[in-house]
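Residue-level structural notes
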Amino acid sequence: MWKILWHPLQLLTSNAFNRAIVKVSSFEKIDLDLIEELRGKINGVILDVDETMGPHHGDPFPQNIEHVRQMIASGRQVVIFSNMKKSDRYAELEAMGVKVITSKYPKPDPRGFIECCQVMGLDPSEVVMIGDNFGTDGGCVNAGIDFIHVDPIKTEESVWKSVKRLPQTLSRSLFKYVSDIHDDAMGRLVLRDEHFGEGMSVLDMSHHIGQLLMDELVGDEDLLAEEVK
Ligand SMILES: [Mg+2]
């Protein structure tokens, strides 16, 4: 019983575990070239599929498959890391050379993520993980892999199915909530939707982040003036 409680508690309180360098509303928004300029080379991508690329147990959306195609075209390796056994809904991605990895160390075990890096022949520092769940996909951070969080894609399903999945969806929301609190409390800089807008250059983005940082440091100017008095 203690063990069942201990694992989620450990995850919720771990600073590293709830960390994402990017938090965006959809997979399409992710601009790896832009992220790369800030954090260093990205030569490999580990992907989650369910609710990241398409609905739960559904086919990945065509625009997301296209986005993966562009990642590969720009010279990056892409693998899918799934806790589920193989499925034919990956066929289109596999035809593009995307390998599907199911490890004996399922997510969030860091050893599974390391295995993905080994398959690509890359160091964890050159790899990012993209997924919708801090509680599973976010385990990559403990393997030294940066995490990119995507808001989960809404799934149309029966009431019975959504009730059955409630513990999973609730825990996912809780992990996201705790991560946001950590970001605020520690003043972490996280790239969000607005940083990936049309025409946003790295210079614009650095300026924007600098402004955020200044706001964080200086805080409310009126309040500051009050304190000086
Ligand atoms: Mg998922």
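See above for the structure.
In this numbering scheme, every chain counts its residues from 1 along its sequence in written order. Confidence filtering applies because this is a predicted model: local features only for residues at pLDDT of at least 70, side-chain atom pairs given and counted only at 80 or more, and all residues used for totals across whole chains, interfaces and linings.

1. So, the overall build of the protein chain
This is how it is decided: A run of H or I in DSSP becomes a helix once it reaches four residues, and a run of E becomes a strand once it reaches two; helices and strands are each numbered from the N terminus. Remark: C-beta atoms are placed from the backbone, and a residue is labelled buried if 20 or more other C-beta atoms sit within 10 Å of its own, exposed if 12 or fewer do, or partly exposed between those counts.
When you go through the protein chain residue by residue, the secondary structure sums to nine helices and seven strands. For the protein chain, the residues scored as buried account for 28% of the 229 residues in total.

2. A few points about the pairing of strand E2 (residues 44–47)
Short version of the rule: The criterion for strand pairing is that DSSP finds at least two bridges linking the strands in question. Consider the strands pointing away from the viewer: the crossover is right-handed when the path from the first strand over the helix to the second runs clockwise.
Taking every second residue as pointing to the same face, both faces of E2 are buried, with Gly 44 and Ile 46 on one and Val 45 and Leu 47 on the other. In this structure, E2 lies alongside strand E3 (residues 77–81), joined through four bridges in parallel fashion. Considered in E3, the bridge of Gly 44 is made with Gln 77. With helix H3 (residues 62–73) bridging E2 and its parallel neighbour E3, the resulting β-α-β unit is right-handed.

3. Some thoughts on the pairing of strand E6 (residues 146–150)
Along any regular strand, the residues point their side chains to alternate faces of the sheet. Counting buried positions along E6 gives five out of five residues, so the element sits mostly inside the fold. The side-chain alternation of E6 yields two buried faces, one formed by Asp 146, Ile 148 and Val 150 and the other by Phe 147 and His 149. Where strand E5 (residues 127–131) meets E6, four bridges bridge the pair, whose relative direction is parallel. Each bridged residue has a counterpart across the sheet, and for Met 129 the counterpart in E6 is Phe 147.

4. Brief notes about the sheet that holds E6
Read across the sheet, seven strands follow the order E4-E3-E2-E5-E6-E1-E7 without closing on themselves; strand pairing throughout is parallel. In this open sheet, the two strands that pair with only one neighbour each are strand E4 (99–101) and strand E7 (191–192).

5. Section: unusual backbone geometry
Put simply, Lys 107 and Pro 108 share a cis peptide bond, and its omega is 10 degrees. Notably, His 57 is not glycine yet its phi reads approximately 60 degrees, a positive angle. Relative to the assigned elements, His 57 resides in the loop between E2 and H3. With 14 C-beta atoms counted inside 10 Å, the residue His 57 sits in the partly exposed group.

6. Concerning the nonpolar core
It is characteristic of soluble globular proteins that their nonpolar side chains tend to be buried jointly. Put simply, the rule reads: Each nonpolar core comprises buried Ala, Val, Leu, Ile, Met, Phe, Trp, Tyr and Cys residues, the members being joined through C-beta atoms within 7 Å. By the convention adopted here, residues are in contact when the distance between their C-beta atoms, placed from the backbone, does not exceed 7 Å.
Counting residues in hydrophobic clusters, the biggest one holds 34 residues, and the most contacted among them are Ile 46, Phe 113 and Met 129. Broken down by secondary-structure element, the contributors of at least two residues to this core are strand E1 (22–24), E2, H3, E3, helix H5 (110–120), E5 and E6. Top contributing element to this core by residue count: E5, with four residues. With near-sequence residues (within four places) excluded, Ile 46 lies in contact with Val 79, Phe 81, Phe 113, Cys 116, Val 127, Met 129 and Cys 140.

7. So, H3
For the record, the criterion: Here the expected length of a helix is defined as 1.5 Å per residue gap, with one fewer gap than residues. Directions from the helix axis toward the C-beta atoms define the arc.
Helix length check: H3 (12 residues) gives 16 Å between terminal C-alpha atoms against 16 Å at 1.5 Å per residue, within 8%. When H3 is considered as a whole, its buried residues turn out to be Asn 64, Val 68 and Met 71. When H3 is viewed along its axis, its buried side chains cluster within an angular range of 55 degrees and face the same direction. Seen from the buried face of H3, the exposed residues on the opposite side, beyond 90 degrees, are Pro 62, Gln 63, Glu 66, Gln 70 and Ala 73. In the core, the buried residues of H3 are packed alongside helix H2 (32–39), E2, E3 and helix H4 (91–95). A positive backbone phi angle near 90 degrees is found at Gly 75, which sits one or two residues after H3.

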